[in-house]
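Chain and residue survey
Residue-level listing of the chains:
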Amino acid sequence: MADEIKNTDAGYRLSVVVPVFNEEEVLPEFHRRLACVLDKVSAQSEIIYVNDGSVDGSLPEMRRLKTEDERIAIVDLSRNFGKEIAMTAGFDHAHGDAVVVIDADLQDPPELIPEMIKHWRGGYDVVYAQRTSRAGESVVKKTTAHLFYRLMQKLSRVDIPRDAGDFRLLSRRAVDALAGLREQHRFMKGLFAWIGYPQKAIPYQRDSRHDGKSKWNYIGLWNFAIEGITSFSTVPLKAATYLGVLTAFSAFLFGMFIVLQTLFYGNPVPGYPSLLVVVLFLGGIQLMALGVIGEYLGRMFDETKGRPLYLINAYEEAQGKNNHDPEIVRELTSN
Ligand code: UDP
Ligand code: MG
């Protein structure tokens, strides 16, 4: 292949990680566009399709594509683990000096990859795509997403870039850093930001899905938001404390008021409604605070079990003859 000569000259290796969950309709078109881009990039590339327990024809489709394109590797997870873990599994199997993660539904244009590579070669460790528009998404989704990013920015010390999705390129050391974070609750946007290193945003227009439908619904997004907040901030726990202090203080003032009222005006026993209100109010606050503690406790429970993040059903390596030769990797990285 003429490409191979060019690739060797380039001296770097690129891995593209693609989490896939029930995407049989888009896979062929996605692969066509990605392959087109990679053909033009002067890197040895591997494309890692992570099958996240798809129940449609995604896996056979990947296998078919693999027979046509020797750059493809397939990581078949034992069941559906969710996109965050599917990405992690992909990172764990990536051999590249730079690793790109991209959605299979063509909402992230593969055509942006060369620009990402350019910035990576210019010294950035993380090059992420930042949406300037969200075509095909409802006003409600846009607004909630907007609010979420702003809330995160207020609550957490980690500066999570606004309107950036998962579509990004990571340098080898960034991938290694990420690989060291084995927490079960993987709020990827936060983890990407947590590792730090020089980061660069490149603006792009987010397209609507090419085909198939989004796996997200509002309950999912709500849980995702809770995940983000609890993984990166303990502000809710503090808030519970201050809410408690505030209520106790108001109760004290109310108590004073009642004492004075009784002293000056006597007490005709009118207390029932106010009593009920206070009891309910305090009960509500206590339950809420317990709930907040519970959110964190539940996550601690999950982490302490120390389970592996995922299990693999099968790993089918890329066939490209340079792709997995450790000698070559060493040579390239030492240059
Ligand atoms: N995905 C996955 N596992 C899941 C859900 C989604 O690997 O449990 C993949 C999906 O195939 C796609 C990407 O993650 O490549 C983004 O999913 P989706 O388009 O549903 O999310 P959205 O674009 O709406 O954020
Ligand atoms: Mg999508």
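Data block above holds the structure.
Residues numbered from 1 in each chain as written. Chains lettered and ligands numbered in written order. Predicted model: local features only at pLDDT ≥ 70, side-chain atom pairs only at ≥ 80, totals over all residues. Heavy atoms only, no water.

Digging into the overall build of the protein
Worth spelling out the cut-off: Under the scheme used here, helices are H or I runs from DSSP no shorter than 4 residues and strands are E runs no shorter than 2 residues, and both carry numbers assigned from the N terminus. Only protein chains enter the accessibility calculation, which uses a 1.4 Å probe. A residue is then buried if its area is under 20% of the maximum for its type, exposed if over 50%, and partly exposed in between. Residue contacts are defined here by distance: any two heavy atoms, one from each residue, within 4.5 Å place the two residues in contact.
Looking only at helices and strands, one finds 12 helices and eight strands in the protein. Expressed as a percentage of the 335 residues in the protein, the buried residues total 44%. At a minimum sequence separation of 6, the contacts of the protein that also span at least 24 residues come to 85%.

Observations concerning the environment of arginine 206
Tracing the sequence through the fold places arginine 206 in strand S7 (residues 199–206). Placed 75 residues apart in sequence, arginine 206 and arginine 131 show a C-alpha to C-alpha distance of 5.7 Å.

Observations regarding the nonpolar core
Stated formally: To form a nonpolar core, buried Ala, Val, Leu, Ile, Met, Phe, Trp, Tyr and Cys residues must be joined to one another through side-chain atoms within 4.5 Å.
One finds Val17, Val50, Leu77, Phe91, Leu170 and Leu178 to be the most contacted residues of the largest nonpolar core, which totals 41 residues. It is helix H4 (residues 83–93) that contributes the most residues to this core, five residues altogether. Listed in part, the 35 residues of the second largest apolar core include Leu34, Met62, Ala98 and Leu169.

Describing the packing of aromatic side chains
We apply this condition: Under the pairing criterion, centres of Phe, Tyr and Trp rings, with the six-membered ring standing for Trp, must be within 6.5 Å; the plane angle then separates stacked pairs below 30 degrees from edge-to-face pairs above 60, leaving the rest tilted. Any Lys NZ or Arg CZ that is within 6 Å of a ring centre and within 35 degrees of that ring's normal is treated as a charge sitting over the ring.
This structure, assessed with the given rule, holds 10 aromatic pairs. Grouping aromatic residues by their ring pairs yields a cluster made of Phe148, Tyr149, Phe187, Phe224 and Phe232. The ring centre of phenylalanine 81 lies 4.0 Å from the NZ or CZ of arginine 79, which sits over that ring. The ring centre of tyrosine 197 lies 4.0 Å from the NZ or CZ of arginine 173, which sits over that ring.

A few points about a nonpolar patch on the surface
To keep it simple, the criterion reads: Residues form patches when they are more than 30% accessible in relative terms and have no salt bridge. Like charges link within 9 Å. Nonpolar side chains (Val, Leu, Ile, Met, Phe, Trp, Tyr) link within 5 Å. For every accessible area listed, the method is Shrake-Rupley and the probe measures 1.4 Å; residues are considered covered only by the protein chains on display. Think of a salt bridge as a Lys or Arg side-chain nitrogen and an Asp or Glu carboxyl oxygen that are within 4 Å of each other.
Taken together, the side chains of Leu237, Leu287, Leu290, Ile293, Leu297 and Met300 present a nonpolar region at the surface, about 600 Å² in accessible area. With five residues, the top contributor of residues to the nonpolar patch is helix H11 (residues 272–304). With respect to the secondary-structure elements, leucine 237 resides in helix H10 (residues 235–265). Classification of leucine 237 as partly exposed rests on a relative accessible area of 30%.

Overview of helix H2 (residues 27–40)
Owing to its 3.6 residues per turn, the α-helix aligns residues three or four sequence positions apart on the same side. Test applied: Here the expected span of a helix is defined as 1.5 Å times the quantity of residues minus one.
Between the first and last C-alpha of H2 there are 20 Å, a value that for 14 residues agrees with the 20 Å anticipated at 1.5 Å per step. Contacts made by the buried residues of H2 are with strand S1 (13–20), strand S2 (44–51), helix H3 (58–68), strand S3 (72–77) and helix H5 (113–121).

Here we look at the coordination of the magnesium ion (ligand 2)
As a reminder, the rule being used: The donor set comprises N, O and S atoms within 2.8 Å of the metal, extended to 3.2 Å for Na, K and Ca; water molecules are omitted, so apparent gaps in a site may simply reflect that omission.
Coordination of the magnesium ion (ligand 2) by the protein comes from Asp105 (OD) and Gln107 (OE1), over a distance range of 1.8 Å. Given the relative accessible area of 3%, aspartate 105 is considered buried.

Quick word on the pattern of salt bridges
Inspection of every chain in the model, using the stated rule, returns 15 salt bridges. For aspartate 125, the salt bridge is made with arginine 173, and the minimal N-O distance between the two is 2.8 Å. With a gap of 48 residues between them, aspartate 125 in the loop between H5 and strand S5 (126–134) and arginine 173 in helix H7 (residues 172–179) connect regions that are remote in the sequence. Note that glutamate 227 is salt-bridged to arginine 299, the shortest N-O span being 3.1 Å. With glutamate 227 in helix H9 (residues 218–232) and arginine 299 in helix H11, this pair connects stretches of sequence that are 72 residues apart. On the basis of relative accessibility, which here comes to 18%, the residue glutamate 227 falls in the buried class. Linked by salt bridges that have partners in common, Asp39, Asp69 and Arg71 make up one network.

Remarks on the side chain of aspartate 108
Rules: N or O atoms within 3.5 Å of each other form a polar contact, as long as, within protein, one can give a hydrogen and the other can take it, and as long as residues adjacent in sequence are counted only when both atoms are side-chain atoms.
Summarising the element assignment, aspartate 108 is placed in the loop between strand S4 (98–101) and H5. In this structure the side chain of aspartate 108 is engaged in a polar contact, spanning 3.0 Å, whose partner is the backbone nitrogen of aspartate 103. Side chain to side chain, aspartate 108 and tyrosine 204 meet in a polar contact 3.3 Å long. Among all residues touching aspartate 108, those that are not within four sequence positions of it are Ile102, Asp103, Phe167, Tyr204 and Arg206.

With respect to the pairing of S3
The line we're drawing: Pairing between strands is defined by DSSP: at least two bridges between the two strands are required. When the strands point away from the viewer, a crossover counts as right-handed if the route from the first strand across the helix to the second turns clockwise.
Most of S3 is tucked away: six of the six residues are buried. Burial along S3 is two-sided: the face carrying Ile72, Ile74 and Asp76 and the face carrying Ala73, Val75 and Leu77 are both buried. Here S2 pairs with S3 via five bridges, running parallel. Of the residues in S3, the one forming a bridge with tyrosine 49 is isoleucine 74. The handedness of the S2 to S3 crossover, carried by H3, is right-handed. Note that S3 and strand S8 (residues 312–316) share four bridges and pair antiparallel. If you follow aspartate 76 over to S8, its bridge partner there is alanine 314.

Some words on the packing of H10 against H11
The line we're drawing: For helices, the fitted line uses only the C-alpha atoms of the stretch in contact; every axis is such a line through C-alpha atoms, and the angle between N-to-C directions lies from 0 to 180 degrees. Just so you know how the angles are binned, under 35 degrees is roughly parallel, over 145 roughly antiparallel, 65 to 115 roughly perpendicular, and the rest oblique. Left-handed describes a crossing whose near helix is turned anticlockwise from the far helix through less than a right angle; right-handed describes the clockwise counterpart. The classification used treats Ala, Val, Leu, Ile, Met, Phe, Trp, Tyr, Cys and Pro as nonpolar, Asp, Glu, Lys and Arg as charged, and all other residues, Gly among them, as polar.
Where H10 meets H11, the axes come as close as 9 Å, and the angle between the chain directions of the two elements is 165 degrees. If you check the angle between H10 and H11, you find them roughly antiparallel. Between H10 and H11 lies a crossing whose hand is left-handed. Contacts from Pro236, Leu237, Ala240, Leu243, Thr247 and Phe254 of H10 reach H11 at Ser274, Val278, Phe281, Leu282, Ile285, Met288, Ala289, Val292, Ile293 and Tyr296. Along the lines of polarity and charge, the residues of the contact of H10 with H11 split into 14 nonpolar, two polar and no charged.

Note that every value here comes from positions in space, so none of it alone points to a role or purpose.
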